[in-house]
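# Architecture and fold: a report
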There are 2 protein chains.
Amino acid sequence: MRLAELSERSGVPTATIKYYLREGLLPPGERVTATQAEYGEEHLRRLGLVRALIQVGRVPVARAREVLDAIEDESLPQDARLGTAVESLPPGRGSTAGPEVLKAAGHRVAELREELGWNRVSATVGQEMLVAAVATLMQLGYPCSLEHLMPYARLAGELAAHDMDLVERFEAPTTQLEAAVALTVLYEPVLLGLRRMAHAEEATLRYADGPGTRT
Amino acid sequence: MRLAELSERSGVPTATIKYYLREGLLPPGERVTATQAEYGEEHLRRLGLVRALIQVGRVPVARAREVLDAIEDESLPQDARLGTAVESLPPGRGSTAGPEVLKAAGHRVAELREELGWNRVSATVGQEMLVAAVATLMQLGYPCSLEHLMPYARLAGELAAHDMDLVERFEAPTTQLEAAVALTVLYEPVLLGLRRMAHAEEATLRYADGPGTRT
């Protein structure tokens, strides 16, 4: 397909596609004349990933290129390509907690990993996110003991298994990696939206009888 | 306690506390002299919630005041106070999808609610987040059929039940509402961090044998 069709099918303006091409976020099309190139389904798919990263994940352009480079690096084994790609995704919000609280949160997370037997991978962006979140809970005096965190961790484990099953439906290794990165980013708001919807249902279920009916 | 102690125990600078007092985010202390006031544990707790909203949830000050007003409005039943407070939390990222895709996503989410029997509450911020997220998945061509979304929804339901159990450990109604709002915001990064950690474990488990060993 030509640039105009790629733009129409992806919903991305041609000027933006040209920018992604210049920045190396999208591989060049196959040149057919001096001024025109032909694009394929892989361009459409890659464009989806680039938009997921930049527009939904708010990943900076330079970081997005690192993610894409990791996906394409066929010299590495599949798990290393996936690891590098996913680790290049930014960790989200940090914590305003001081070094002592961060240290305590780091210990709590280490205990949690021990308890779960999550000992295959060490320092990851996910762990960094969790330590920051636990430090904030500690600092503000909200519950975050091992006992509180364990049910969330078990459910996260189940989610991760679903995520990987979804990814494995894509056949080619590179397509799998693209899907892994896109679904990491795109299912985060799905999950948070569902959790908030479930809160509203659960709260209505528990409290809708009005005040004073529960003691 | 005096302002200096409140600042020390909360880790919030006195200038910031004074700003929150001026903006009505924190109730005034009990005046003891012309220039000094006494603060209690409820100020410390409330300060934690304000920081959770503003620093972690990035809720604008005016919106934070709406959340707090809803928590304090004792003329409303508990579920209405909770509903108003949680609905005042901003929905996060929107979608760049066009109106047709948003409509299709809206239908998908309505089907999902039907399937789950989540029919106690209608239009919520959570639903708005989910519609935006599903619209983005649709637009980018990533899987988001009912069959794909259901396992996430079921897990979100389990999470919500855990969340409400945690909230119910707080005794006073107002403290419960504060905790519900704070834990909605503060457990979002906990959940996302745990999911990413679980991904890394799961990927290593599935792929660590190296490329080519899986077909």
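Everything numeric in this text was worked out from a predicted model, so none of it was measured. (Residues numbered from 1 in each chain as written. Chains lettered and ligands numbered in written order. Predicted model: local features only at pLDDT ≥ 70, side-chain atom pairs only at ≥ 80, totals over all residues. Heavy atoms only, no water.)

### Quick notes on the overall build of chain A
Cut-off, in case you're wondering: Secondary structure elements are defined from DSSP: runs of H or I of at least 4 residues count as helices, runs of E of at least 2 residues count as strands, and each element is numbered from the N terminus. Restricting the calculation to C-alpha atoms gives the radius of gyration, and the globule rule supplies 2.2 Å times the number of residues raised to the power 0.38. Partly exposed residues are those whose accessible area sits between 20% and 50% of the maximum for their type, while under 20% is buried and over 50% is exposed, using a 1.4 Å probe and protein chains only. Any two residues whose heavy atoms approach within 4.5 Å at even a single point are treated as in contact.
Of the regular secondary structure elements, chain A holds nine helices and two strands. Counting helices and strands in the order they occur from the N terminus, chain A gives α-α-β-β-α-α-α-α-α-α-α. Here the C-alpha radius of gyration of chain A, 22 Å, is well above what a compact globule of 215 residues would show, namely 17 Å. Along the first, second and third principal axes, the C-alpha set of chain A runs to 75 × 45 × 35 Å. Looking at chain A residue by residue over its 215 residues, the buried ones come to 50%. Considering only contacts in chain A between residues 6 or more positions apart, those separated by 24 or more positions represent 62%.

### Brief notes about the relation of the copies chain A and chain B
This is how the line gets drawn: Copy-to-copy alignment: least squares on C-alpha atoms, limited to residues at pLDDT 70 or above in both.
Taken as rigid bodies, chain A and chain B are interconverted by a rotation of 180 degrees and an axial shift of 0.0 Å, the fit giving an RMSD of 0.0 Å. In the structure described here, the two chain copies are related by an operation that fits a two-fold rotation axis. Nearest to the rotation axis, the C-alpha of Leu155 of chain A is located 3.3 Å from it, this being the minimum over chain A. The overlap is high: 99% of the interface residues of chain A also sit at the interface in chain B, so the same surface is used on both sides.

### What about the nonpolar core?
Stated formally: Residues belong to one nonpolar core when they are buried, are Ala, Val, Leu, Ile, Met, Phe, Trp, Tyr or Cys, and are joined through side-chain atoms within 4.5 Å.
Among the nonpolar cores identified, the biggest contains 147 residues, and Leu53 and Tyr142 of chain A together with Leu53 of chain B are the most heavily contacted of them. Residues in contact with Leu53 of chain B, not counting those within four places in the same chain, are Arg58, Val59, Ala64, Val67, Leu68, Leu89, Val181 and Val185 of chain B.

### Details of the pattern of salt bridges
Spelled out, the test is: Should a side-chain nitrogen of Lys or Arg be within 4 Å of a carboxyl oxygen of Asp or Glu, the pair is scored as a salt bridge.
The full count for this structure, using the stated rule, is 29 salt bridges over all chains. The residue Glu38 of chain A makes a salt bridge to Arg2 of chain A at a minimum N-O spacing of 3.1 Å. Here Arg2 of chain A lies in the segment before helix H1 (3-10) and Glu38 of chain A lies in strand E2 (residues 37-38), a separation of 36 residues in the sequence. Residue Arg2 of chain A is classed as partly exposed on the basis of its relative accessible area, which comes to 34%. Between Arg206 of chain A and Glu168 of chain B there is a salt bridge, with its nearest N and O atoms 3.5 Å apart. Here Arg206 of chain A is found in helix H9 (residues 173-207), whereas its partner Glu168 of chain B is found in helix H8 (residues 146-168) on a different chain. Note on Glu168 of chain B: relative accessible area 26%, which makes it partly exposed.

### Some thoughts on the interface of chain A and chain B
Rules: Buried area is understood as the total, over both parts, of accessible area removed when two parts are fitted together, assessed with a 1.4 Å probe. For this analysis, a polar contact is any N or O atom pair within 3.5 Å, provided that within protein one partner can donate a hydrogen and the other can accept it, and provided that sequence-adjacent residues contribute only side-chain to side-chain pairs. When residue character is reported, Ala, Val, Leu, Ile, Met, Phe, Trp, Tyr, Cys and Pro are called nonpolar, Asp, Glu, Lys and Arg charged, and the others, Gly included, polar.
Counting from both sides, the interface comprises 93 residues of chain A and, opposite them, 93 residues of chain B. Between chain A and chain B, roughly 8,900 Å² of surface is buried when both sides are summed, and carbon and sulfur atoms account for 67% of that area. Taken together, chain A and chain B are joined by 12 salt bridges. The partner of Arg196 of chain A in a salt bridge is Glu188 of chain B, and the shortest N-O contact between them spans 3.1 Å. At the boundary of chain A and chain B, one finds 24 residue pairs in polar contact (both at pLDDT 80 or more). Ranked by the residues each element gives to the side of chain A that touches chain B, the list is headed by H9 of chain A, at 28 residues. Looking at side-chain class alone, the side of chain A that touches chain B contains 51 nonpolar, 21 polar and 21 charged residues.

### Concerning the packing of aromatic side chains
Applicable threshold: Here is the rule: rings of Phe, Tyr and Trp (six-membered ring for Trp) pair when centre to centre is within 6.5 Å. Planes less than 30 degrees apart are stacked, more than 60 are edge-to-face, and the remainder are tilted.
Going through the model one piece at a time under the given rule, you end up with six aromatic pairs over all chains. Taking the centre distance of 6.5 Å and the plane angle of 55 degrees together, the rings of Tyr142 of chain A and Phe170 of chain B count as tilted. Linking Tyr142 of chain A in the loop between helix H7 (125-140) and helix H8 (146-168) with Phe170 of chain B in the loop between H8 and helix H9 (173-207), this pair reaches from one chain into another. With respect to class, Tyr142 of chain A is no different from Phe170 of chain B; both count as buried. Note on Tyr152 of chain A and Tyr187 of chain B: the rings are 4.7 Å apart at their centroids and 35 degrees apart in plane angle, and the pair reads as tilted. Of the two residues, Tyr152 of chain A is situated in helix H8 and Tyr187 of chain B in helix H9; the pairing between them involves two chains.

### Notes on the environment of Arg169 of chain A
On the secondary structure map, Arg169 of chain A appears in the loop between H8 and H9. Under the relative-accessibility criterion, Arg169 of chain A is labelled exposed at 51%. Spatially, the C-alpha atom of Arg169 of chain A lies 9.6 Å from that of Ala179 of chain A, the residues being 10 residues apart in sequence. Not counting residues within four places of it along the chain, the set of residues in contact with Arg169 of chain A comprises Glu147 and His148 of chain B.

### Considerations on helix H5 (residues 78-87) of chain B
Spelled out, the test is: It is the directions from the helix axis to the C-beta atoms whose arc is reported.
What H5 of chain B keeps buried is the set Gln78, Arg81, Leu82, Ala85 and Val86 of chain B. Seen end-on, H5 of chain B carries its buried residues on one side only, within an arc spanning 120 degrees. Here the buried face of H5 of chain B lies against H9 of chain A together with helix H4 (61-72), H8 and H9 of chain B.

### Topic: the side chain of Glu178 of chain B
Position of Glu178 of chain B among the secondary structure elements: in helix H9. Classification of Glu178 of chain B as buried rests on a relative accessible area of 2%. Side chain to side chain, Glu178 of chain B and Arg45 of chain B meet in a polar contact 2.9 Å long. A polar atom in the side chain of Glu178 of chain B sits 3.0 Å from the side chain of Arg46 of chain B. Apart from the residues within four sequence positions on either side, Glu178 of chain B is in contact with Tyr142 of chain A together with Arg45, Arg46, Leu49 and Ile71 of chain B.

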